[in-house]
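Each chain, written out:
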Amino acid sequence: MVLSKTASQTDVSIHSTFASRYVRTSLPRFKMPENSIPKEAAYQIINDELMLDGNPRLNLASFVTTWMEPECDKLIMDSINKNYVDMDEYPVTTELQNRCVNMIAHLFNAPLGDSEAAVGVGTVGSSEAIMLAGLAFKRKWQNKRKAEGKPYDKPNIVTGANVQVCWEKFARYFEVELKEVKLREGYYVMDPVKAVEMVDENTICVAAILGSTLNGEFEDVKLLNNLLVEKNKETGWDTPIHVDAASGGFIAPFLYPELEWDFRLPLVKSINVSGHKYGLVYAGIGWVIWRSKEDLPEELIFHINYLGADQPTFTLNFSKGSSQVIAQYYQLIRLGYEGYRNVMENCHENAMVLREGLEKTGRFNIVSKDNGVPLVAFSLKNNKQHDEFEISEMLRRYGWIVPAYTMPEDAQHITVLRVVIREDFSRTLAERLVLDIQKVLHELDTLPAKVNAKLAMADEEVGINGTVKKTAIETQREITAYWKKYVSERKTNKNKIC
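Residues numbered from 1 in each chain as written. Predicted model: local features only at pLDDT ≥ 70, side-chain atom pairs only at ≥ 80, totals over all residues. Heavy atoms only, no water.

In the annotation of an unreviewed UniProt entry, the protein is listed under the name Glutamate decarboxylase and assigned to Durio zibethinus. For the record of the protein, the UniProt heading Catalytic activity (unreviewed entry) holds the text "L-glutamate + H(+) = 4-aminobutanoate + CO2". (UniProt positions renumbered as here; feature names shortened; annotations may be inferred.)

The following block contains the structure:
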C-alpha cells in the first residue's frame, strides 16, 4: 500500500519558488515584515526587481569600472568579510595598502628617497580623498595664520566651475568659500590666468582638474604652477596646488608621460585619484597622496590602540571593507606599467572610433578633446527641431545609457551628450553605438518637433506684435529649462508611483 502525504501551506520545500505564497503576495516596502521568509524566496524577490536596473556595461554615463577578471572577483569575495580598519588582525591587508600608496606615489613622481615611505591613504573614493586633502590645506593655512597673528576665519579655495560636486560639499561642510572661475563657450575648463587673479591671502589652495567631468579635458597644471610661483614671489604668500586627478590620474602617466601635472611641479602638494575609475577596480576605492610628511599636519592623524596595537588613521569613516584595496593591488601587479598602458591606449583608440563615426554623420559638434580622458562629448549642430535630451531618451530603447546635460553657468545654453570609454567598451560596441545613434537621428527626423515648434510659434506671434524676437541663445536656454522641468516632473511622478 502506497502512503501519501498532503503538503501543508507552510511546507514550501516542494513548491515552485514563483508559486509559493511568499512571492504571490506583496511584501511591505518601507517597514520590516513581521515574519521570516525562505532564503530562496528572498533572493528571487530581490533579483527580480534588480532585473529592471540598467546594464552596467552599457551605462556610458559612468567613469566607474564595471568589469574585472574572474581571478580578482574571487579575491574580492574571499576577503569581503575583512574589516580594513582591523590592522592588527589583518596586517597583510594593511601592508598591501601601503604598497599601493607607494606605487601610486612613484607613478605621480613624488620626491621620495630610496628607502623613504610615501605619505597617503586609501579612501572609499575621490570624494573622501578630496575632503581629507582639503582639511590638510585648511589646517596648515590656519596654523600659519595663527602663528602670524592674522585672522583665520575666512578660508577659500579657487577652482573652475567645472569641478565635481564633492568640492562644493567640502566647501559647505567645512565652511570654506569656493571661488569658481567661470567657463565660457568653447572653453570648458579653468583658465589658469583667471584662477591666479582670484587668489588672495585667504586662499588655502588652487584646485586643478586632470580630466574634467564635462568633457574629459586636462587643465594646464604646469601653467597654473608657473603663474602661481610668480604671484607667491610678488606677495610673499605660499599658495599651493591640489590636483584632482580622479579620472586622469591613471591615464596621464601611461598615455602622456611627458605631461607635467604631478609632483614634478613644486607647488603641487597633494593629488587624489579614483582607483574605481581608470585604476580599474570596482566602485569603492580612492587614493590621496601627499608630497611629503610636512604637507599633512600631524594633529589630523589619530592614533588608536583598542583593536590590538597602535594604529594611525586619517579617514572620515572608520570601518570599511578590504576587498577594494586588495583588488587595487591585484591590478597594479597583474597589469604593471605595460598592461595599464595597453588598456589606456585601447580606450583612447575606441574613443577615436566613436568620434570619427559621429563626425561622419555630419550632425554633431565634438566638444571633447583628443588628449584627455577617453570619452566623447558631443552636441547637435542643429537642435531647433530635436535636441540632445531626446536623443538620450531614445537611445535607452536600445539599452544605452548616454547622459545629456547642460554646461555650467555662463555656458548653460550648451547641451552635451557624453560617452565614457571604459576598459570593457570594445570597438564592436563603439561601432554599434554609432549605428544606433544613426537610427535615432533617422527616427527623430520623421517626427514633428516637440518643444521647439511651440517656441517657434511663440516667436512668430511675438514678431507679429512688433516686439523683438528672442536670440538663438535665449531660445536654446528656454528649451533647456523646459527639458530640465520635464525630466524633474518625470522623476517626481515615478517616485509617487513607487
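Help me understand the overall build of the protein, please; the structure alone is not making it clear to me.
Counting its secondary structure elements, the protein contains 14 helices and 13 strands. Burial status across the protein gives 49% buried among its 498 residues. By sequence separation, contacts in the protein at least 24 residues apart represent 69% of the contacts at least 6 residues apart. (Helix = DSSP H or I, 4+ residues; strand = E, 2+ residues; numbered from the N terminus. Buried < 20%, exposed > 50% of the residue type's maximum accessible area, 1.4 Å probe, protein only. Contact = heavy atoms within 4.5 Å.)

I tried to follow the environment of Glu356 on my own but got confused; where do I start?
With respect to the secondary-structure elements, Glu356 resides in helix H10 (residues 323-361). Residues Glu356 and Ile366, 10 residues apart in the sequence, show an inter-C-alpha distance of 9.8 Å.

Would you take a moment to explain the pattern of salt bridges for this structure?
In a structure, side chains of opposite charge can pair up when their charged atoms sit close to one another. All told, the structure shown has 23 salt bridges when counted by the stated rule. Across the pair Arg145 and Glu201 runs a salt bridge whose closest N-O atoms are separated by 3.4 Å. Here the residue Arg145 occupies a position in helix H5 (residues 126-147), and Glu201 occupies one in the loop between helix H7 (192-198) and strand E4 (203-209), the gap between them amounting to 56 residues. Note that Glu345 is salt-bridged to Arg341, the shortest N-O span being 3.9 Å. In this pair, Glu345 and Arg341 are both assigned in helix H10, 4 residues apart and thus about one turn of the helix distant. Using a relative accessible area of 31% as the deciding quantity, one classes Glu345 as partly exposed. Salt bridges here are not isolated pairs; linked through shared partners, they connect Arg57, Arg422 and Asp424. (Salt bridge = Lys/Arg side-chain N within 4 Å of Asp/Glu carboxyl O.)

Before we go on, may I ask you to explain the UniProt feature "modified residue: N6-(pyridoxal phosphate)lysine" (unreviewed entry) in the protein in this structure?
On the UniProt side, "modified residue: N6-(pyridoxal phosphate)lysine" (unreviewed entry) is annotated at positions that read Lys277 here. Looking at the secondary structure, you find Lys277 in the loop between strand E6 (268-274) and strand E7 (286-290).

Just to check I follow, could you spell out the packing of aromatic side chains for this structure?
Given two aromatic rings, one states the distance between the centres and the angle between the planes to describe the pair. As enumerated under the stated definition, the model contains 9 aromatic pairs in all. An aromatic cluster is present here, built from Phe250, Phe254, Tyr337 and Tyr340 joined pairwise through their rings. For Lys146, the ring lying beneath its charged end belongs to Tyr152, and the centroid distance is 4.9 Å. The side chain of Lys277 reaches across the aromatic face of Phe63, ending 5.4 Å from its centre. (Phe/Tyr/Trp six-rings, centres within 6.5 Å; stacked < 30°, edge-to-face > 60°. Lys NZ or Arg CZ within 6 Å of the ring centre and 35° of its normal.)

Any chance you could explain the side chain of Arg422 here in plain terms?
Among the structural elements, Arg422 can be located in the loop between strand E13 (415-420) and helix H12 (427-445). Within the structure, Arg422 has its side chain in polar contact with the backbone oxygen of Arg57 (distance 3.4 Å). Within the structure, Arg422 has its side chain in polar contact with the backbone oxygen of Asn59 (distance 2.7 Å). The contact partners of Arg422, leaving out residues within four places of it in the chain, are Pro56, Arg57, Asn59, Leu60, Ser62, Phe63, Val64, Thr66, Tyr278 and Cys347. (Polar contact = N/O pair within 3.5 Å; in protein donor to acceptor, adjacent residues only side chain to side chain.)

Would you take a moment to explain the packing of H5 against helix H6 (residues 165-173) for this structure?
Angle between the axes and distance between the axes are the two parameters that describe a pair of packed helices. In contact at an axis separation of 9 Å, H5 and H6 are set at 45° when each is read in the N-to-C sense. The pairing of H5 with H6 is recorded here as oblique in orientation. Relative to H6, the crossing made by H5 is right-handed. Along the contact surface, H5 presents Ser127, Ile130, Met131, Gly134 and Leu135, while H6 presents Cys166, Trp167, Lys169, Phe170 and Tyr173. For the contact of H5 with H6, the residue count by class is 7 nonpolar, 2 polar and 1 charged. (Axes fitted to C-alpha atoms, helices over the stretch in contact; angles between N-to-C directions. Parallel < 35°, antiparallel > 145°, perpendicular 65-115°, else oblique. Left-handed = near helix turned anticlockwise from the far one by under 90°. Nonpolar A, V, L, I, M, F, W, Y, C, P; charged D, E, K, R; others polar.)

Could you clarify how one ought to interpret the sheet that holds strand E10 (residues 364-366) in this entry?
Within a sheet, each strand pairs with its neighbour through backbone hydrogen bonds, oriented either parallel or antiparallel. As summarised here, the arrangement of the 4 strands in space is E10-E11-E13-E12, forming an open sheet in which the pairing is antiparallel. Each edge of the open sheet is held by one strand with a lone partner, namely E10 and strand E12 (404-406). Here the average twist between neighbouring strands, direction ignored, is 40°. Bridging between E10 and strand E11 (residues 375-380) involves 3 bridges; their strand directions are antiparallel. Within the sheet, the bridge partner assigned to Phe364 lies in E11 and is Leu380. Docked against the sheet, H10 engages E10, E11 and E13, running at close to 15° with respect to E11. (Pairing = 2+ DSSP bridges.)

Help me out: how do you make sense of the sheet that holds strand E1 (residues 119-123) in this one?
Across the sheet, which stays open at both edges, the 7 strands sit in the order E1-E7-E6-E5-E4-E2-E3 with mixed pairing between neighbours. Either end of the sheet is taken by a strand with one partner, and the two such strands are E1 and strand E3 (177-181). Adjacent strand axes in the sheet meet at a mean angle of 20° when their direction is disregarded. Where strand E2 (residues 156-160) meets E3, 5 bridges bridge the pair, whose relative direction is parallel. What sits directly across from Thr159, in E3, is Glu180.

Before we go on, may I ask you to explain the pairing of E13 in this structure?
Side chains on a regular strand alternate between the two faces of the sheet. Across the 6 residues that make up E13, a large majority, 6, are buried. Side chains of E13 alternate between two faces, with Thr415, Leu417 and Val419 and Val416, Arg418 and Val420 buried alike. Of the strand pairs in this sheet, E11 and E13 are connected by 4 bridges, and their pairing is antiparallel. In the strand pairing of E13, Phe378 is matched with Leu417. Here E12 runs beside E13; their pairing, made up of 3 bridges, is antiparallel. From the neighbouring strand, Tyr405 faces E13, where its bridge partner is Val416.

Mind showing me how you'd approach the nonpolar core here?
The tendency in soluble globular proteins is for nonpolar side chains to be buried side by side. Of all hydrophobic cores here, the largest spans 104 residues; its most connected members are Val243, Phe250, Trp261, Tyr278, Met344, Phe378 and Ile391. In terms of residue count, the dominant contributor to this core is H10 (16 residues). Residues lining this core come from more than one domain, with at least three contributed by each of domain 1 (74-335) and domain 2 (336-440). Not counting residues up to four positions away in its chain, the partners in contact with Phe378 are Leu358, Phe364, Asn365, Ile366, Val367, Val416, Leu417, Val419 and Ile437. Within the second largest apolar cluster, 15 residues are counted, among which are Ile130, Leu135, Phe170 and Cys205. (Core = buried A, V, L, I, M, F, W, Y, C linked by side-chain atoms within 4.5 Å. Domains from an automatic or database assignment.)

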